[in-house]
Amino acid sequence: MNKLLIIFLIVFSAGLLNAQSDFEKIQNFKQKIESLNKEIESADSLSQLEAVMTKIESLKLKSEADKELLDKALYPDDYTKTFEKLDNKLNIAIQNASQISALEEEVTEAQSLILKLQQDITILTESEAKLRQENTALYNEIMRIKKNAARSKEASDSLKTLTGKLKDLILKRDAFIAGIIDSFFTTSFQKMNEFSQTDKADVIATIKSNNLLDKIKELINDNIVIIDKNLFIPEDLEEYKKEQKKFTQNWKKFGSSLVDIYASQNESKKEIYEIDFMLSEWDKKINNKIWAEVNSIFANYNIQLDQFSSGSDFESVLINYIQKEIDSSKISDNIDRVKNYSYFTEDIWEKEISEKWMPVLLRNGLLTEKQKENIDDKMDEWSDAMGGFSMTWIYIVGVVVLIAIITFWNSRRLKKKNEEQSISNEKNPV
Amino acid sequence: MRVLFFALVVFILQACSSVILEPADFSWPAEVVMSADNDGNVFEKRYSMTFNIKPLIKAEFGDSVSAAGKEIRLIRNKNGFYFIVSKNFKNVYTFLMKDGKLKSSGKIEISETGIESPAFNQRNNFIELLTGKQNFNLTEEGIEEKKNE
């Protein structure tokens, strides 16, 4: 009896299915498509779109049997076109959702970066503060000892040691500040374009709360003071120059990003431009010191040259000097002009300038290769005017003449001795 | 006699000049459902047709007052006949187009009490009418087959 009932129900329900109006089927299909379209439009996550995709696949399977009917009924589209449109819409939505999801991930990543950055900067700035304290103490000590340095050798040695320490400390601080800048640059600033206004406000707050710009200014200022107070040895100048360049490069990247962040804050922008100016002052001071060192070399050798503080000055001052020497050599005594030439080329130019300072000047762009070539040409001209002579040649000729005299005198002595020997042999035959 | 012969030739020639295009299939894939406006006019977008249903309502119910808002179901079979039905209709009406009008070509009696929920389906050689109780296979000539749901 039960079996019969089940069979009846199956037949009855199958009959009901068969009895469905085509119009209803079409309407149902259209409604489902419309509803799926709306679901795609309103979905705001990939998982929601994946659920829609499953529904679409299910509808495809269920409606496959009515394809012929739907092909005609969906005019001007057809069954395939309707699903193609839906699939395209879904794919575009998935692409958009993927991008949104990627952006959301980036925002989350950016936020965690900012957090890490804030922690790093706090640690770094604490360490920097300690270094600055040490720096100030050392500086005061140096200034105290410097007053007595001339009077005692012990004080002078101590000054030398402390100056070395101060240099190391300053470089360490430079590295610390560069580390902070780097920390900003390599992490967050590359992603600055992706930061929201809130993220940017966080970065500004971090910079301000850690007085980062003040620290940078203090550091530049300390570097300038070291140069101004001559708390360095000339050999260190190039190292300072390198440090300045590195710092400026980092700042250029960091500073331009800061200008963007501070777009609406004129006061902070002013601070950034002030740092730009200080950095160029720092550079100028180092350059002036390098040129002053080169000036002092000529002065120490009693060569009277006009002061120079740039590559072009250096070139023209030297060329003028050499020209004057060439001109005066035409009227002065031969030996004197050779002496002057040898003194300048061998003692000053080769030992001091060419070996020590010329590479520094060229490496740091203070002198161009062209300017060096012009000076070398002038030196060659001077050499030609000297007839190729130099003190070395005079010494060589002198030694040769001396050897010749000794040889001549020796041979004469031997000859005389031989003659005396033969006379004696003649007088006393064996 | 000559005149008669001449007239016959003209008639034959005229008959020869009419062109017949076949086979032809006028069937719609599915019925369309339209609601009448206040004047009893219905509009069909896809097939671009419009007509007034007041005479049909009057024929079915005896008056045309209730035509406004009435929903009718329309389908066309392979031979080009239109089948019209509506809720509570006792009959299905068949029509043909003629001179810019729909002219009734027949009436197929389905139910004495009126069809509760009628619907047409297009089938190969007939129109299927669903009534909610019974299914009918219809042609322009009448009921082809009756089936119980």
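See the structure printed just above.
Report on the accompanying structure. (Residues numbered from 1 in each chain as written. Chains lettered and ligands numbered in written order. Predicted model: local features only at pLDDT ≥ 70, side-chain atom pairs only at ≥ 80, totals over all residues. Heavy atoms only, no water.)

## Some details on the packing of helix H11 (residues 311-329) of chain A against helix H13 (residues 369-385) of chain A
Two quantities define a packed helix pair, namely the angle between the axes and the distance from one axis to the other.
Residue and element names in this part refer to chain A.
So, point 1. Contact pair H11 / H13: the axes reach a minimum separation of 10 Å and the direction vectors enclose 5 degrees. When the interaxial angle is binned, H11 and H13 end up roughly parallel. The residues of H13 that touch H11, namely those facing Gly311, Ser312, Phe314, Glu315, Leu318, Ile319, Tyr321, Ile322, Gln323, Glu325 and Ile326, are Gln371, Asn374, Ile375, Lys378, Met379, Glu381, Trp382 and Ala385.
So, point 2. Its residues placed into classes, the contact of H11 with H13 shows 10 nonpolar, 5 polar and 4 charged. (Axes fitted to C-alpha atoms, helices over the stretch in contact; angles between N-to-C directions. Helix = DSSP H or I, 4+ residues; strand = E, 2+ residues; numbered from the N terminus. Parallel < 35°, antiparallel > 145°, perpendicular 65-115°, else oblique. Contact = heavy atoms within 4.5 Å. Nonpolar A, V, L, I, M, F, W, Y, C, P; charged D, E, K, R; others polar.)

## Side note on the interface of chain A and chain B
So, point 1. Between chain A and chain B, the contact holds 10 residues from the first and 13 residues from the second.
So, point 2. Both sides of the chain A and chain B interface together cover about 960 Å² of buried area, and 58% of this is carbon and sulfur.
So, point 3. Seen at the junction of chain A and chain B, the total is 1 salt bridge.
So, point 4. Measuring nitrogen to oxygen at the nearest pair gives 3.0 Å for the salt bridge that ties Arg123 of chain B to Asp22 of chain A.
So, point 5. Across the chain A-chain B interface, the total number found is 6 residue pairs in polar contact (both at pLDDT 80 or more). (Buried area = accessible area lost by both parts, 1.4 Å probe. Salt bridge = Lys/Arg side-chain N within 4 Å of Asp/Glu carboxyl O. Polar contact = N/O pair within 3.5 Å; in protein donor to acceptor, adjacent residues only side chain to side chain.)

## Looking at the environment of Asp313 of chain A
Residues and elements named next belong to chain A.
So, point 1. By the element assignment, Asp313 lies in helix H11.
So, point 2. Since its relative accessible area comes to 29%, Asp313 is described here as partly exposed.
So, point 3. At a separation of 3.4 Å, a polar atom in the side chain of Asp313 contacts the main-chain amide nitrogen of Ser309. (Buried < 20%, exposed > 50% of the residue type's maximum accessible area, 1.4 Å probe, protein only.)

## Details of the pattern of salt bridges
So, point 1. In this structure the tally under the stated criterion is 21 salt bridges over all chains.
So, point 2. Asp77 of chain A is the partner of Lys85 of chain A in a salt bridge, and the nearest nitrogen-oxygen pair spans 2.8 Å.
So, point 3. Ionic contacts of the salt-bridge type, sharing partners, join the residues Asp22, Lys25 and Asp66 of chain A together with Arg123 and Glu128 of chain B into one network.

## Points about a negative patch on the surface
Residue and element names in this part refer to chain A.
So, point 1. Together, Glu369, Glu373, Asp377, Asp380 and Asp384 line one region of the surface with negative charge.
So, point 2. Its place among the elements puts Asp377 in helix H13.
So, point 3. Classification of Asp377 as partly exposed rests on a relative accessible area of 48%. (Patch = residues over 30% accessible without salt bridge, like charges linked within 9 Å, V, L, I, M, F, W, Y side chains within 5 Å. Areas by Shrake-Rupley, 256 points an atom, 1.4 Å probe, with all protein chains shown as cover. Lys, Arg positive; Asp, Glu negative; His and termini not counted. Charge placed at Lys NZ, Arg CZ, Asp CG, Glu CD.)

## As for the packing of helix H2 (residues 22-42) of chain A against helix H3 (residues 46-63) of chain A
All names here are of chain A.
So, point 1. The interhelical angle for the contact between H2 and H3, taken along N-to-C directions, is 165 degrees, at an axis separation of 9 Å. One finds that H2 runs roughly antiparallel with respect to H3. Along this stretch, H2 crosses H3, giving a crossing that reads as left-handed. Facing H2, whose interface residues are Phe29, Lys32, Ile33, Leu36, Glu39, Ile40 and Ser42, H3 presents Gln48, Leu49, Val52, Lys55, Ile56, Leu59 and Ser63.
So, point 2. Tallied by class, the residues present in the contact of H2 with H3 amount to 8 nonpolar, 3 polar and 3 charged. (Left-handed = near helix turned anticlockwise from the far one by under 90°.)

## Brief notes about the sheet that holds strand S7 (residues 101-109) of chain B
Residues and elements named next belong to chain B.
So, point 1. Strands sit in the order S1-S4-S5-S6-S7 across an open sheet of 5 strands; the sheet is antiparallel. Since the sheet does not close on itself, it has two edges, and those belong to strand S1 (32-35) and S7, each with one partner. Pairwise comparison of adjacent strand axes, ignoring direction, gives a mean angle of 30 degrees for this sheet.
So, point 2. Where strand S4 (residues 71-76) and strand S5 (residues 82-86) come together, 5 bridges link them in antiparallel fashion. What sits directly across from Arg76, in S5, is Tyr82.
So, point 3. Strands in contact with helix H2 (residues 54-61) are S5 and strand S6 (91-98); relative to S6, the strand with the most contacts, it is inclined by about 150 degrees. (Pairing = 2+ DSSP bridges.)

## Observations regarding H13 of chain A
Residues and elements named next belong to chain A.
So, point 1. Taking 1.5 Å per residue as the helical rise, H13 with its 17 residues ought to reach 24 Å, and the 24 Å between its terminal C-alpha atoms agrees with that figure.
So, point 2. Turning to H13, its buried residues number three or more, namely Gln371, Ile375, Lys378, Met379, Trp382 and Ser383. Across the axial projection of H13, the buried residues extend over an arc of 150 degrees, all falling on one side. For H13, the exposed residues lying more than 90 degrees away from the buried face are Lys370 and Asp384.
So, point 3. Backbone geometry just downstream of H13 places Gly387 in the positive-phi region, at approximately 70 degrees. (Expected span 1.5 Å × (residues − 1). Arc of directions from axis to C-beta.)

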